[in-house]
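Structure assessment
So the chains spell out like this:
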Amino acid sequence: MSSAVGIAPKNPDLANIDPDDIYSVTELSRNIKQVFSATPKFNDILLKGEISNFVQAASGHIYFNLKDESCVIACAFFRHLQTAGCDDLAEGLQVVAMGSVVVYETRSQYQLSIKKVIPIGNGISSLKLKRLSEKLEAEGLFSQDRKKPIPCLPRKVGIITSKDSAAIKDILSVVNLRCPTMNLVMAYVALQGEGAPQSINQALSSLSRMKDIDAIILARGGGPSEDFMAFNDEGLVRAIASFTKPIITGIGHESDVCLADLAADLRASTPSTAARAAIPDIQELWNSLNPLKLGLERSYKSYLLALDAKEMEAKARREELQKLRNGLRSLSADLDRSYNAYLLGLKIREKEVEMGKKDDEIKQALLKYKAVIVALIAFLVLIILLILLRG
Amino acid sequence: MNDKRYTDNIHRIEEIISQLDAGKLPPEEAKKLFGTAKNLIEECEAILNSYSGIIEEMSFVSAGT
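A brief structural summary. For clarity, every value in this text was computed on a predicted model and none was experimentally measured. (Residues numbered from 1 in each chain as written. Chains lettered and ligands numbered in written order. Predicted model: local features only at pLDDT ≥ 70, side-chain atom pairs only at ≥ 80, totals over all residues. Heavy atoms only, no water.)

1. A few points about the overall build of chain B
Of regular secondary structure, chain B possesses 3 helices and 1 strand. Reading chain B from its N end, one meets helices and strands in the order α-α-β-α. For chain B, buried positions account for 37% of its 65 residues. Accessible surface computed for chain B: about 3800 Å², of which carbon and sulfur atoms make up 52%. (Helix = DSSP H or I, 4+ residues; strand = E, 2+ residues; numbered from the N terminus. Buried < 20%, exposed > 50% of the residue type's maximum accessible area, 1.4 Å probe, protein only. Areas by Shrake-Rupley, 256 points an atom, 1.4 Å probe, with all protein chains shown as cover.)

2. Focus: the sheet that holds strand β2 (residues 62–67) of chain A
Residue and element names in this part refer to chain A. An order of β1-β2-β3-β5-β4 is seen for the 5 strands of this closed barrel, with the pairing classed as mixed. Between one strand axis and the next, the sheet turns through 55° on average, direction left out of account. Two strands pair when backbone bridges link them, and strand β1 (residues 45–56) and strand β4 (residues 93–104) are joined in this way by 6 bridges, in the antiparallel orientation. Within β4, the position partnered with Gly-49 by the bridge is Val-95. (Pairing = 2+ DSSP bridges. Axes fitted to C-alpha atoms, helices over the stretch in contact; angles between N-to-C directions.)

3. So, the pattern of salt bridges
Think of it this way: side chains of opposite charge can pair up when their charged atoms draw near. All names here are of chain A. Taken as a whole and assessed by the stated rule, the structure comprises 18 salt bridges over all chains. Across the pair Glu-105 and Arg-30 runs a salt bridge, and its minimum N-O distance is 3.2 Å. A residue pair is termed long-range when its members are at least 10 positions apart, and Glu-105 in the loop between β4 and β5 (109–122) and Arg-30 in helix α1 (residues 25–38) qualify at 75 residues. A salt bridge links Asp-214 to Arg-155, with the nearest nitrogen and oxygen atoms 2.9 Å apart. Of this pair, Asp-214 sits in the loop between α4 (196–208) and β8 (215–220) while Arg-155 sits in the loop between α2 (124–138) and β6 (157–161); the two residues are 59 residues apart in sequence, bridging distant segments of the chain. Counted as one network, the salt bridges with shared partners bring together Lys-135, Glu-139, Glu-234 and Arg-238. (Salt bridge = Lys/Arg side-chain N within 4 Å of Asp/Glu carboxyl O.)

4. Focus: the environment of Ile-45 of chain A
All names here are of chain A. On the secondary structure map, Ile-45 appears in strand β1. The spacing of Ile-45 and Ser-100 is 55 residues in sequence and 6.2 Å in space, taken between C-alpha atoms. Setting aside anything within four residues of it in sequence, one finds Ile-45 in contact with Pro-40, Ala-97, Met-98, Gly-99, Val-101 and Leu-112. (Contact = heavy atoms within 4.5 Å.)

5. Some points on the sheet that holds strand β9 (residues 247–251) of chain A
The 6 strands are arranged β10(A)-β9(A)-β8(A)-β6(A)-β7(A)-β1(B) in an open sheet whose pairing can be described as parallel. Two strands lie at the open edges of the sheet, namely β10 (266–268) of chain A together with β1 (55–59) of chain B, each paired on one side alone. Put simply, the sheet's adjacent strands are angled 20° from each other on average, direction ignored. Here α4 of chain A sits on the sheet and contacts β6, β7 (184–188), β8 and β9 of chain A together with β1 of chain B; the angle it forms with β6 of chain A, its principal contact strand, is near 170°.

6. Looking at the nonpolar core
The biggest cluster of nonpolar side chains holds 46 residues, and the ones touching the most others in it are Ile-217 of chain A together with Tyr-6 of chain B. Elements that contribute at least two residues to this core include exactly β6, α3 (166–178), β7, β8, α7 (271–278) and α8 (282–390) of chain A together with α1 (2–22) and α2 (27–49) of chain B. Top element by residues in this core is α2 of chain B. It accounts for 9 residues. In this view, Ile-217 of chain A contacts Val-157, Gly-158, Ile-159, Ile-160, Ile-171, Ile-248, Ala-274, Ala-275 and Ala-278 of chain A; residues no more than four positions away in its chain are not counted. Ranked by size, the runner-up nonpolar core spans 33 residues in total, among them Leu-204, Phe-228, Phe-231 and Leu-259 of chain A. (Core = buried A, V, L, I, M, F, W, Y, C linked by side-chain atoms within 4.5 Å.)

Structure below.
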């Protein structure tokens, strides 16, 4: 083995290289670690920067990045080193941290292991963001009144994201689950870097010209907060606020809120949630339409049955009425007959009475005549007696 | 926009079902409303069947990177 392990000769030729002269990954990483720990300029140093991507783990350890205008360094502040005042640490705070640069050998990654943190106020980017946010809010760009409703049945959905992002996979898996036949327009953009806002703006402009797009998802997966800077760009935020179609943002995770979220018509906490808000659950819609279809058929059938029943009832009533009419007619005929018979009887009786009266008169006349004859006989008898007596 | 057409149709169909259920319509009107509701359902089905799974792609990456 040569003295300079891992040092490549000027013209390497595999046949001439001693295998012992080649570093393993572990050896290189270990060497880097040793260099960091042995170099005083990486140990017990003071570092000024603005906190970003702040996370307090369940274990109590605090992880964040310290950044300035150009660079970012990962930091870890372990629980046993934290003292009073650590609760005030937050996103956007400008701090001076004391610590050492340490290497995590397994991943060959380095970070500042912090022993103490002194807050010195809000960071520049945090202040700029705050001022911009206040300005746009004062202009009403974040107002709820401006928010457009999210359609429940968009004809086509535009998706603005990066081609290889995790977000696109999450969104497509939601599409497959809810509406695999959804019509989509994928607008691939740069989501970070200086040109990202312009790239997203161009995508928005193109999608705005497509008349059958009814909703837009603007999404990117999680990451350090520095990666979301494009979504705080004033021009982009204004473009989102004035966009004619509803925009749903799904940027990063629940805790990542940027100005684009505030200007959007709906802020979803993740790309998947954004997709769920934009893509209709087609099976659910069929599940609600089919019973309605059956309900209509059933209601009309019931209506027709009820109509038939009413018709039958009316027919029965008509028949009943006819029977009653017939009965009445026969009753009326009976009545007429009876009345005529009664009248006839009455006439007969009247005649009989009349005839009876005449009999009485004859009888009385006869009686009168009888009395007159008797009187005459008596008178004759008397005269005869008188004549006899005289005679 | 499909949205308003679909939801309006659903509301109208529900209204017609209620009217039929109330059973107070004259037969001619009931028949006419039933036909209307059937057409509205067909329109809703057409909306749900209108998705054809077309995916268009466009790239704006050169502008950003």
